[in-house]
Amino acid sequence: MYADWPLLSLVIWTPIIGGILVLFAGDKEPSGARKIALVVSIVTFLLSIPLYSQFNTDTHLVQFVERHSWIPAFNIEYFIGIDGISMPLILLTSFTTVIVVISAWEVIQYRASQYFAAFLIMEGFMIGTFSALDSILFYIFFEAMLIPMFLVIGIWGGANRIYATLKFFLYTFIGSVLMLVALIYMYNKSDGSFAIFDFHHLPLSMTEQILIFLAFLVAFAVKVPMWPVHTWLPDAHVEAPTGGSVILAAIMLKIGGYGFLRFSLPITPDASAELDWLIITMSLTAVVYIGFVALVQQDMKKLIAYSSIAHMGFVTLGFFIVFRIMDVDDAQGSALALEGGMVQMVSHGFISGAMFLCVGVMYDRMHSRQIADYGGVANTMPVFAAFMVFFAMANAGLPGTSGFVGEFMVILASFKASFWIAFLAALTLILGAAYTLWMVKRVVYGGIGNDNVKALTDINKREVLFLSLLAIAVLVLGLWPDPLVNVMHATIDNLLNHITLSKI
Amino acid sequence: MSDFIQPNLLPALPEMVMLAMTCLVLVVDLFLPQEKRGFTLLLSVLTLLLTVAAVVFVAPADSVSSFGDSFVLDQFAVTLKIAICLVSILVFIYSRDYLIDHDIYKGEYYVLGLFATLGMLIMTSAHSFLMIYLGLELLSLSLYAMIAFNRKSLIASESAMKYFVLGAMASGLLLYGISIFYGMTGTLNINQLATVVMAQSEQNPVALGFALTFIVVGLSFKLGAVPFHMWLPDIYQGSPTSVTLFIGTAPKIAGFAMAIRLLVDGLSELQVDWSQMLMVLAIASMALGNIIAIAQTNFKRMLAYSTISHVGFILLGILAGNANGYSSAMFYTLTYAITALVAFGILILLNRKGFEAENISDLSGLNHTNPWYAAMLAIAMFSMAGVPPTVGFYAKLTVLQSVISVDMVWLAVTAVLFSVIGLFYYLRIVKVMYFDESLEEQVTSIKQSLDVKVLLSVNGLSLIALGIFPSLLMAYCIQAFG
């Protein structure tokens, strides 16, 4: 029944057009804008479900392809499609946006229509980024999503929001312009094609590969973000409103990881193999050093932001440890590493989103993010405390939650490459537990810290709703990751075959 | 020598229509009372529309020349003429309310504007040194007068004086270059020049290079490329905003046309030489324009420095030295003019009687009072910064592509790094409008006429529309150099 629908385009453009509608609905009747926003986000989510249910897991070829000539002068196409690595991320995006809309329901009163519109338009751009198979189309979506996020942080953010949002925009922009130059270079090299798959098969010399790899690295490392270009993230997270933090952590960071899989590895396999030490070092630094940095944070959002950087370190570690595994082991270990990285991305999407929402719930009541201002929240908010502890456990990588699966896969794969890399990576199990649970101990447990905590009211039905949805996702993915892992097998295997072939 | 031949007047029909109509406007305006001044505007817009119609009417399939090959009408000229006329129409309409509020709602504004436009039209078609110079001077003299138009304003008179002195000097440099070429080649005609230069380039490379330098310097003055940019910020700031709006848009297109006619049509044999000169000018313009713009508090002045940096980008396209590069530079110029129209248009909209909006702080909190116009200005700013999905991104993409295609990747990298610096001050405008509190006494509400609002909205949205469907305009730019 869906066969002849341009389903993917619908998933991209429904939220964008819906967002514009919300914008025109205006703020005269605030409940109007948010109702439209909720309907649009749910419709988008429903539209995205067939992308999963109709997905053919046996092939690595892209599916739901739509290909039209767009800018003939430069052979730029409206070329979209999905495969095993983009599809899960699209579902994550459409799911998270529903959560964000629900979470902002009563909380955002100031210019509510613009707020909801920004998130819907951003959703469309992000899904577009994941589905674009033409590199200029990818770039356009990649950059365009900065504009709504820039406004979200700047308008609804905290006290230091302007510094944070300018830093966010400038960091991301400087990374991506170099990527643009690399894309145009390959366009000239490939006799006039911007299609990403043509780039995959483009022969490139080692020098070219290394330069292109570095250009991509700057773009995606800023986005992930990897140490040492991570400093924008804590600022942006702390100042962003809750919804902004959720989208930033759950989706935008994933675009960096996705970029490595879509661009860096297949386009510059030789340079990736040559420079894998660089990425592995940066990833391990993120895991270990940033883990320690997270430990000393006083601000809950900052702590979770640093924990995001550490967790994303696992993703990049998984992607690039592959080259080490290939030297000593068969393809199975490599596939484990790549899939581990992917699972980690999806899982981190749920968990970090949930953690930021938990902080948001408390912030809405207390208007403070400082750990020191809390204490004994469990006494006054028992239901909330249960959720918070559950998500914290997931963040620490407790078996049975999704946080465990990805980390475990990556650590297991790393062992095949080198004991010491695996050892350093496994430190996260200790560090992660330390910084997360210590925060929970100080915030949730103990005696009631002060009068403000005493006056807290427990979460309402709306808050229970979005936290439960995320809790279910975390639990299902943790106990039964097969549905997620199965869809990416074919794509990952193909990717692994591809990167073993030299392009020189 | 051939006998006197009756020239084919048809290719010059648009210019003749315009001249006749402008004289008519001049006379009719004399007999109009002040309250009927709107009729002058109507007649001026009609003049421009008629000119556009005439251009479309005489547009040749390929190219025709007349007046002993000193006047040429080709795809390039046709596209630019239409663009110049349309931009001028918008300028005239946008500036009306400003002129009324500042008590300078006089017919001369339109007459001078029309003469300037006529000069620009001549520049796009000029195919001899003399014709180029005539067009340029007609444009410049009209602009000098337009700047000084508000007699009560001291700063405007100062600007006019400054522009006049520097402009005259630039014209002198240009003329000097032309005279050397004339001395060496014995011709003023662009076509013949190309062949003679080819023959001479072996024997007299130094003299040719010497003459070329003066031509390039003269051009840089007119375009506002660093280090010949000094006049630009002062003139932008000092002129009445309605005149800044004019200077900042249409003449850029004419300046680009002049550069193409001189360098590409006439001196393509010396491309190696002028490419290197333009490279230095382009890098310096992008660097200085973008960096100094950061320090500006005056919006007009900031846009002036922003123009300088955009000129750098246009030069990048030209110096690539092939059809691809020229058409991308043309696309860049045209879209820049459209974008600048929105930026200055919104600024004009904020002006009221007794209040001259020109500082960046005057924009603060615009999103609270006028979300729609804040969005339009934000689109213009993102477009100037080259952020997709606005047209500015596509313009930058085409220029970068042409630069990279001639193996100058490092130049492209330099350009994008400077555009990141540029991003900062564009973002600051967005920041001021969206994140800052509105100041009560400044932006209360915009009370301007409906036609301005509609046109400005269409103008603003066109930046997005062209960003999504750039082929609409790009096709003409490619055709012009096809």
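Residues numbered from 1 in each chain as written. Chains lettered and ligands numbered in written order. Predicted model: local features only at pLDDT ≥ 70, side-chain atom pairs only at ≥ 80, totals over all residues.

A tally of regular secondary structure across chain B gives 20 helices and two strands. Principal-axis analysis of the C-alpha atoms gives chain B an extent of 70 × 55 × 40 Å. Residues counted as buried form 59% of the 482 residues belonging to chain B. Sequence-distant contacts in chain B: of pairs separated by 6 or more residues, those separated by 24 or more amount to 79%. (Helix = DSSP H or I, 4+ residues; strand = E, 2+ residues; numbered from the N terminus. Buried ≥ 20, exposed ≤ 12 C-beta atoms within 10 Å, placed from the backbone. Contact = placed C-beta atoms within 7 Å.)

Before going further, it helps to examine the overall build of chain A. From N to C terminus, chain A includes 22 helices and two strands. In summary, chain A has a C-alpha radius of gyration of 22 Å against a globular reference of 23 Å for 504 residues, a match within 12%. Overall, the C-alpha framework of chain A stretches about 70 × 55 × 45 Å when taken along its three principal axes. Each of the 504 residues in chain A was classed as buried or not, and the buried ones make up 62%. Within chain A, contacts between residues separated by at least 24 positions form 81% of all contacts whose residues are at least 6 apart in sequence. (Rg over C-alpha atoms; globule rule 2.2 N^0.38 Å.)

Attention now goes to the environment of Phe31 of chain B. Residues and elements named next belong to chain B. Along the chain, Phe31 falls in the loop between helix H1 (13-30) and helix H2 (38-58). The class for Phe31 is exposed, based on 7 C-beta atoms found within 10 Å. Residues Phe31 and Ser361, spaced 330 residues apart in sequence, show a C-alpha to C-alpha distance of 42 Å.

So, about the packing of helix H6 (residues 154-185) of chain B against helix H8 (residues 205-223) of chain B. Residues and elements named next belong to chain B. Following both chains from N to C, one finds H6 and H8 inclined at 155°, their axes separated by 8 Å at the closest point. Here H8 runs roughly antiparallel to H6, going by the angle between their axes. As H6 runs across H8, the sense of the crossing is left-handed. Every residue of H8 that contacts H6 at Ala170, Leu173, Leu174, Tyr176, Gly177, Ile180, Phe181 and Met184 is listed here: Ala207, Leu208, Phe210, Ala211, Phe214, Ile215, Val217, Gly218, Phe221 and Lys222. Grouping the amino acids of the contact of H6 with H8 by side-chain chemistry returns 15 nonpolar, two polar and one charged. (Axes fitted to C-alpha atoms, helices over the stretch in contact; angles between N-to-C directions. Parallel < 35°, antiparallel > 145°, perpendicular 65-115°, else oblique. Left-handed = near helix turned anticlockwise from the far one by under 90°. Nonpolar A, V, L, I, M, F, W, Y, C, P; charged D, E, K, R; others polar.)

What follows deals with the interface of chain A and chain B. In this complex, chain A contributes 26 residues to the contact, which on the side of chain B involves 24 residues. Put simply, the parts of the chain that give the side of chain A that touches chain B at least two residues each are helix H5 (135-144), helix H6 (146-156) and helix H7 (161-189) of chain A. If one sorts the elements of the side of chain A that touches chain B by residue count, H7 of chain A sits on top with 14 residues. Tallied by class, the residues present in the side of chain A that touches chain B amount to 23 nonpolar, two polar and one charged.

In this section: the pairing of strand E1 (residues 63-66) of chain B. Residues and elements named next belong to chain B. Bridge count for E1 against strand E2 (residues 71-74) is four bridges, and the pairing is antiparallel. Its bridge partner lying in E2, Ser65 is registered against Val72. A loop of four residues connects E1 with E2, the two strands running antiparallel in sequence, and Phe67 in this loop sits at a positive phi of about 50°. (Pairing = 2+ DSSP bridges.)

Our next topic: helix H3 (residues 75-101) of chain B. Residue and element names in this part refer to chain B. Between its first and last C-alpha, H3 extends 40 Å over 27 residues, near the 39 Å set by a 1.5 Å rise per residue. Taken as a whole, H3 carries its principal kink of about 35° at Ser95. Most of H3 is tucked away, with 21 of its 27 residues classed as buried. Asp103 occupies a position one or two residues after H3 and carries a positive phi of about 60°. (Expected span 1.5 Å × (residues − 1). Bend = angle between axes of the 7 residues up to and from the residue.)

Right, let's get into the packing of H7 of chain A against helix H9 (residues 206-223) of chain A. Residue and element names in this part refer to chain A. Where H7 contacts H9, the axes come no closer than 8 Å and their chain directions differ by 150°. As judged from the angle between their axes, H7 and H9 are roughly antiparallel. Here H7 runs over H9; the crossing is left-handed. Touching Tyr171, Thr172, Gly175, Ser176, Leu178, Met179, Val181, Ala182 and Met186 of H7 are Ile212, Ala215, Phe216, Val218, Ala219, Val222 and Lys223, all from H9. Among the residues making up the contact of H7 with H9, the classes are represented as 12 nonpolar, three polar and one charged.

Looking at chain B as a whole, its pLDDT mean stands at 88, while 97% of the residues score no less than 70. Helix H4 (residues 107-125) of chain B holds the highest mean pLDDT among the elements of chain B, 93, whereas helix H7 (residues 190-203) of chain B holds the lowest, 81. (pLDDT = per-residue confidence, 0-100.)

All names here are of chain A. Within the secondary structure, Gln344 sits in helix H15 (residues 331-366). Taking C-alpha positions, Gln344 is 10.0 Å from Gly313, a pair spaced 31 residues apart along the chain. Non-local contacts of Gln344, meaning those with residues more than four positions away in its chain, are made with His311, Phe314, Val315, Gly318, Gly406, Glu407 and Val410.

Let us now look at unusual backbone geometry. In terms of backbone geometry, most residues other than glycine have negative phi values and most peptide bonds are trans. Note that the residue after Val224 of chain A, namely Pro225 of chain A, is joined by a cis bond; omega there is -10°. Positionally, Pro225 of chain A belongs in the loop between H9 and helix H10 (232-239). The step from Trp227 of chain A to Pro228 of chain A runs through a cis peptide bond, and the omega angle for that step is 5°. Here Pro228 of chain A is to be found in the loop between H9 and H10. Phi at Phe64 of chain A is positive, roughly 55°, even though this residue is not glycine. Along the polypeptide, Phe64 of chain A turns up in strand E1 (residues 63-71). Taking the number of C-beta atoms within 10 Å as the measure of exposure, Phe64 of chain A has 22 and is therefore buried. Positive phi, close to 65°, is recorded for Asp69 of chain B, a residue that is not glycine.

Here we come to H4 of chain B. Look at H4 of chain B: 28 Å from first C-alpha to last across 19 residues, which is about the 27 Å you get at 1.5 Å a residue. Summarising burial for H4 of chain B: 18 of the 19 residues are buried, a large majority.

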